[in-house]
Amino acid sequence: MLKLIIGKKGSGKTKKLIDAVTAAADASNGSVACIEKSSTLTLNITHRVRLVDADHYGISGYEQFYGFIAGMCASNYDITHIGIDAILRIANRNYDELAEFLAKLNELSKDANTEFIITISADKSELPAAIFEIAEEM
């Protein structure tokens, strides 16, 4: 399942993500991870969540990012939730590529039985309608 937190910069998306990831960690019988661009959430995320700095791994673009996430799921079948903060900063601002990425991520979510919670810094009206056919807005 894909859950999206959408809004312009400063609208509280990251706080919602932190709350959702913390709740997932409290309820999960497995592992919870959160991927971010740079290490800004270190003091805000509970130690029970594996915090991953995308910059540390040199992720560039949606293809590399998908491969990275698929590798995480393949190496740890216990991952129940993955939070992603600032996806457009990690990959790029191409909304069509974002839609393709989310479609692939939706399939991975089903195969790996992993829920994704993703922040998107944009106005909802800017995003392709196809995104909302596969993802739920929080």
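Details of the structure are given in the entry above.
In this text the structure is predicted, and so the values were computed from the model without any measurement.

**Quick word on the overall build of the chain**
- The helix and strand inventory of the chain stands at five helices and six strands.
- Reading the chain from its N end, one meets helices and strands in the order β-α-β-β-α-β-α-α-β-α-β.
- Projecting the C-alpha coordinates of the chain onto the three principal axes gives extents of approximately 35 × 30 × 30 Å.
- Taking all 138 residues of the chain together, 48% fall into the buried category.
- Considering only residue pairs separated by 6 or more positions, the chain has 70% of its internal contacts joining residues 24 or more positions apart.
- Summing over all exposed atoms, the chain offers an accessible surface of approximately 7000 Å²; the carbon and sulfur share of this is 48%.
- Computed over 14 positive and 19 negative side-chain charges, the inter-centroid distance for the chain is 6 Å.

**Structural notes on the sheet that holds strand β6 (residues 135–137)**
- Taken in spatial order, the six strands of this open sheet run β3-β2-β4-β5-β1-β6, and their pairing is parallel. A strand with exactly one partner marks an edge of an open sheet, and here the two such strands are β3 (49–53) and β6. Pairwise comparison of adjacent strand axes, ignoring direction, gives a mean angle of 20 degrees for this sheet.
- Where strand β1 (residues 2–7) and β6 come together, three bridges link them in parallel fashion.

**Comments concerning the layout of surface pockets**
- Computed from the structure, the largest pocket encloses a volume of approximately 240 Å³.
- Taken together, 14 residues form the lining of the largest pocket, with T14, D85, A86, R89 and S121 sitting closest to its centre.
- Elements supplying a minimum of two residues to the lining of the largest pocket: α1 (13–27), α3 (87–90) and β5 (115–121).
- Of the residues assigned to the lining of the largest pocket, the class counts are two nonpolar, five polar and seven charged.

**Some words on the pairing of strand β2 (residues 31–36)**
- For β2, a buried count of five out of six residues is recorded, marking the element as mostly surrounded by other parts of the structure.
- Relative to strand β4 (residues 79–84), β2 runs parallel, the two being bridged by five bridges. The partner of V32 across the bridge, within β4, is H81.

**Observations regarding the side chain of D85**
- Among the secondary structure elements, D85 is positioned in the loop between β4 and α3.
- Notably, D85 is buried but unbridged: the nearest opposite-charge side chain belongs to R89, and the N-O separation is 6.0 Å.
- Within the structure, D85 has its side chain in polar contact with the side chain of T14 (distance 3.1 Å).

Procedures and definitions
Residues numbered from 1 in each chain as written. Predicted model: local features only at pLDDT ≥ 70, side-chain atom pairs only at ≥ 80, totals over all residues. Heavy atoms only, no water. Helix = DSSP H or I, 4+ residues; strand = E, 2+ residues; numbered from the N terminus. Buried < 20%, exposed > 50% of the residue type's maximum accessible area, 1.4 Å probe, protein only. Contact = heavy atoms within 4.5 Å. Areas by Shrake-Rupley, 256 points an atom, 1.4 Å probe, with all protein chains shown as cover. Lys, Arg positive; Asp, Glu negative; His and termini not counted. Charge placed at Lys NZ, Arg CZ, Asp CG, Glu CD. Pairing = 2+ DSSP bridges. Axes fitted to C-alpha atoms, helices over the stretch in contact; angles between N-to-C directions. 1 Å grid on protein atoms, 1.4 Å probe; cavity = no way out; pocket = protein on both sides within 12 Å on 5 of 7 lines; lining within 4 Å. Points joined across faces, edges and corners; volume = space filled by probe spheres on them. Nonpolar A, V, L, I, M, F, W, Y, C, P; charged D, E, K, R; others polar. Salt bridge = Lys/Arg side-chain N within 4 Å of Asp/Glu carboxyl O. Polar contact = N/O pair within 3.5 Å; in protein donor to acceptor, adjacent residues only side chain to side chain.

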